[in-house]
Amino acid sequence: MRRGLHLASDLVETMLQAARAAGPEECCGLIVGTLDPAPRALRLVPSQNTHPEPRRFFEIDPKVQFDTLRRLRQSGETILGHYHSHPAGPARPSARDLAEANDPDLAWLVIDPLAGEVAAFLPRIGDDGKIAEFRAIPLLG
Ligand SMILES: [Zn+2]
């Protein structure tokens, strides 16, 4: 994933539309696709933002995660990561996002609906074994 994530422009457009439709609240969802021969997003699984403060934070409905994992079993597809929006920007993870990150293999896509921008990041583990930072990864067509 470090080398980039293939993401077709219609999926980028779908994410921007979801972010705009959510208005002052953060939208969120899962990114499903394949890892071989290269990470490629095939579709989005939108979720309700179940966080009690959806204007400032996001939480993907655990049921959506569970159902998606179950549906993907033996399909060859996997959850590559997730997306959420920052209604007032920017398209990069917040300090809170970093605190929530726990899987170095799951991509974080952050949407800035005002700038019309979607950017991708991967959590990186530091020397202490904990998530230390996000590194930007290229979004490929
Ligand atoms: Zn965020």
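Use the structure listed above.
In this report, the structure presented in the accompanying data block is examined. On a predicted model such as this, the values are computed, not experimentally measured, just so you know.

## As for the packing of aromatic side chains
Piece 1. Taken as a whole and assessed by the stated rule, the structure comprises three aromatic pairs.
Piece 2. Pairing Trp108 with Phe134 gives two aromatic rings, centres 5.2 Å apart and planes at 65°, and the pair type is edge-to-face. In this pair, Trp108 is assigned in strand S5 (residues 107–112) and Phe134 in strand S7 (residues 131–137), connecting sequence segments 26 residues apart.
Piece 3. With a relative accessible area of 16%, Phe134 lands in the buried category.
Piece 4. Judged by centre distance (6.5 Å) and plane angle (75°), the rings of Phe121 and Phe134 are edge-to-face. In this pair, Phe121 is assigned in strand S6 (residues 117–125) and Phe134 in strand S7, connecting sequence segments 13 residues apart. Judged on exposure class, the residue Phe121 and its partner Phe134 are both buried.
Piece 5. Members of the aromatic cluster, each reached through a chain of ring pairs, are Phe58, Trp108, Phe121 and Phe134.

## A look at the coordination of the zinc ion
Piece 1. Taken together, the protein donors to the zinc ion comprise His84 (NE2), His86 (NE2), Asp97 (OD) and Asp97 (OD), at separations of 2.0 to 2.6 Å.
Piece 2. Bound by four donor atoms, the zinc ion shows angles of 53 to 154° at the metal and therefore irregular coordination geometry.
Piece 3. Mapped onto the polypeptide sequence, the residues donating to the zinc ion form the spacing pattern H-x1-H-x10-D. Accessibility assignment for this pair places His84 and His86 in one class, buried.

Conventions and cut-offs
Residues numbered from 1 in each chain as written. Predicted model: local features only at pLDDT ≥ 70, side-chain atom pairs only at ≥ 80, totals over all residues. Heavy atoms only, no water. Phe/Tyr/Trp six-rings, centres within 6.5 Å; stacked < 30°, edge-to-face > 60°. Helix = DSSP H or I, 4+ residues; strand = E, 2+ residues; numbered from the N terminus. Buried < 20%, exposed > 50% of the residue type's maximum accessible area, 1.4 Å probe, protein only. Donors = N, O, S within 2.8 Å, 3.2 Å for Na, K, Ca; no water. Tetrahedral: all angles 85-135°; square planar, octahedral: opposite > 155°, others 65-115°.

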